[in-house]
Amino acid sequence: MTPSRRRFLELSGLALAGVGGSPVAGGRKDSGRKESGRESAFDWPMARYDPAGTGHNPDASGPKTDVELAWSHGATDWFLGTSSPIRRGETVYAAGNGLVALDAETGARQFGHPGPYQSSPARVRSSVYTTDTLAVTAPSGVFGLNADGGVEVPVLNLSLGVERWEGPRSPGGGFFGANDSVTPVAADGSIYTAIPGTNAIAALDPNTGGVRWRRTHHEDDAVGVDFNRPAVKDGLVFLTNWPRQATAYRTDTGARRWQRELSEQLLLPPVATEEGVVVPSRNTVWLLDADDGTTLWKHDHEGNATDGAPAVADGTVFFSDEQESLYALDLATGETVWTTPFDGPASPVVADDTVYAVRSGFALLALDAASGEQRFEYRPSQVPLSTPVVGDGVLYATNRRRVIALAAAA
């Protein structure tokens, strides 16, 4: 539903609150759902927590000794989740062949809607709706969803009016099958995302999905670039892609600030920090100057990291080498603080001096952030287990056909 159409219905007095988001303040308060627009110190509004991609919420806290299921929601027969959920206020959102919204305290379903959506959502405010928009990507393109749901149809176990807009679309499946769903980022009133199946990154309007700017790599090769989740900080979008490139764009215009050709082809998602931009690769981690891309330090390790993303918290970089170790590096110098045995890919997250890392999708480890000492290990009954997000003493994760909450064991 377009903004002009919603305005016409408002003036006509038609009660369509909830379909696409009510244009009337408070339009969902009689729905029985908790107000999803309420902010909380324990929010985790996008994958990797913040636009910078740090994977660290300084206000959150999780269990430290051992965990047990606080609740488990067998979402629907269509849900199949592998990407991290997000949390806003009292609502947990998870995507996987659709979108489900659950009560953060109990796991009770608030709404659900099947669709092509695969990435973790990124939550962004909208100036034409009373509820926020969730940006998600799919192999077919980028979509904007109503964070408060639409009109629930109990008999069909789905909601109508969840999808607000379709943004830029993919040109179709690639040579190797369906396109990857790159995780979008919400910052500065825009959505920053790679367009699946293209060599383009774009800034999108959260109200309509319209393109504010779009930049393309390797224009002579339609599908030759493999983008990672962008990182956004201080008016710049930092992007890494195969092969070898690290690039910074201005958030307002998309003008390129700088671009580096690094010594390794396979690069992983960047993290923007006060010290510079952390750029990991197969067996190297760089810290690049945010202003011009020059190398501040370079740390070589003996690993073979092909997946996952680093976390940065309190001056320390945490990452897996996918061979035998999880590392903690000093952000200022690149020197090793500690290593601990760990195999397989991971995207650690950090809260309250604790590092949470899922090893190869099947085991969640909690580690002391200062020493690397293991605090507990949890193995779910289903695999894979997504990277968790951290709330008020609780971890939330997707776990194949369900969404789970983990709390301290009694």
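1. Remarks on the overall build of the chain
Okay, so step 1: If you tally the helices and strands in the chain, you get one helix and 35 strands.
Okay, so step 2: When each of the 410 residues of the chain is scored for burial, the buried share is 58%.
Okay, so step 3: Within the structure as shown, the chain displays about 16000 Å² of accessible surface, and the carbon and sulfur contribution to it stands at 47%.

2. Digging into the packing of aromatic side chains
Okay, so step 1: Evaluated as defined, the whole model comprises nine aromatic pairs.
Okay, so step 2: When the ring of Phe238 is compared with that of Trp258, the centres are 6.3 Å apart and the planes differ by 40°; the resulting orientation is tilted. Of this pair, Phe238 sits in strand S18 (residues 236–242) while Trp258 sits in strand S20 (residues 256–261), and the two are 20 residues apart along the sequence.
Okay, so step 3: Among the residues examined, Phe238 registers a relative accessible area of 3% and is labelled buried.
Okay, so step 4: The buried category is assigned to Trp258, whose relative accessible area is 7%.
Okay, so step 5: Ring centres of Phe319 and Tyr327 lie 5.0 Å apart, and the angle between their planes is 10°; on these two criteria the pair is classed as stacked.

3. Points about the environment of Asp252
Okay, so step 1: Looking at the secondary structure, you find Asp252 in the loop between strand S19 (245–250) and S20.
Okay, so step 2: Along the primary structure Asp252 and Ala203 are separated by 49 residues, whereas in three dimensions their C-alpha atoms are 8.5 Å apart.
Okay, so step 3: Within the structure, Asp252 has its side chain in polar contact with the side chain of Arg250 (distance 2.5 Å).

4. Remarks on the confidence of the model for the chain
Okay, so step 1: On average, residues of the chain carry a pLDDT of 88, and 86% of them reach 70 or more.
Okay, so step 2: Low pLDDT, under 50, characterises residues 1–36; the predicted model gives this stretch 62 contacts beyond four residues in sequence or across chains.

5. As for the pairing of S20
Okay, so step 1: Here S19 pairs with S20 via five bridges, running antiparallel. For Thr247, the partnering residue across the bridge sits in S20 and is Gln259.
Okay, so step 2: Hairpin connection between S19 and S20: a loop of five residues separates the two successive antiparallel strands, and Gly254 in this loop has a positive phi of roughly 80°.

6. Notes on the pattern of salt bridges
Okay, so step 1: The tally for this structure, following the rule as stated, stands at 14 salt bridges.
Okay, so step 2: The partner of Asp252 in a salt bridge is Arg250, with the nearest N and O atoms 2.5 Å apart.
Okay, so step 3: Between Arg359 and Glu377 there is a salt bridge, with its nearest N and O atoms 3.1 Å apart. Highlighted residues: Arg359 in strand S30 (residues 354–359) and Glu377 in strand S32 (residues 374–378), separated in sequence by 18 residues.

7. With respect to the sheet that holds strand S8 (residues 141–146)
Okay, so step 1: With respect to topology, four strands assemble into an open sheet ordered S6-S7-S8-S11, the strand pairing being antiparallel. Each edge of the open sheet carries a strand with a single partner, namely strand S6 (122–124) and strand S11 (163–169). Between one strand and the next, the sheet's axes are offset by a mean angle of 25°, whatever the strand orientation.
Okay, so step 2: Bridging between S8 and S11 involves four bridges; their strand directions are antiparallel. Across the sheet, Gly141 pairs through a bridge with Arg169, a residue of S11.

8. Some remarks on the nonpolar core
Okay, so step 1: Grouped together as the largest cluster of nonpolar side chains are 33 residues, with contacts concentrated most on Tyr356, Leu364, Val390 and Tyr396.
Okay, so step 2: Sort the elements by how many residues they give to this core and strand S35 (residues 402–408) lands first, with five residues.
Okay, so step 3: Val124, Val185, Val237 and Leu239 belong to the second-largest nonpolar core, a separate cluster that totals 26 residues.

9. With respect to the pairing of strand S22 (residues 277–280)
The side chains of a regular strand alternate, residue by residue, between the two faces of the sheet.
Okay, so step 1: By the alternation rule, side chains of S22 split into Val277 and Val279 and Val278 and Pro280, which are all buried.
Okay, so step 2: Sheet topology note: the strand S21 (residues 271–272)/S22 ladder contains two bridges and is antiparallel. Bridge pairing links Val271 to Val278 in S22.
Okay, so step 3: Joining the antiparallel neighbours S21 and S22 is a turn of four residues, in which Gly276 adopts a positive phi near 155°.
Okay, so step 4: The sheet contact formed by S22 and strand S23 (residues 284–288) spans four bridges and is antiparallel. Its bridge partner lying in S23, Val277 is registered against Leu288.
Okay, so step 5: Here S22 folds back onto S23, and the loop between the two strands holds three residues.

What counts as what
Residues numbered from 1 in each chain as written. Predicted model: local features only at pLDDT ≥ 70, side-chain atom pairs only at ≥ 80, totals over all residues. Heavy atoms only, no water. Helix = DSSP H or I, 4+ residues; strand = E, 2+ residues; numbered from the N terminus. Buried < 20%, exposed > 50% of the residue type's maximum accessible area, 1.4 Å probe, protein only. Areas by Shrake-Rupley, 256 points an atom, 1.4 Å probe, with all protein chains shown as cover. Phe/Tyr/Trp six-rings, centres within 6.5 Å; stacked < 30°, edge-to-face > 60°. Polar contact = N/O pair within 3.5 Å; in protein donor to acceptor, adjacent residues only side chain to side chain. pLDDT = per-residue confidence, 0-100. Contact = heavy atoms within 4.5 Å. Pairing = 2+ DSSP bridges. Salt bridge = Lys/Arg side-chain N within 4 Å of Asp/Glu carboxyl O. Axes fitted to C-alpha atoms, helices over the stretch in contact; angles between N-to-C directions. Core = buried A, V, L, I, M, F, W, Y, C linked by side-chain atoms within 4.5 Å.

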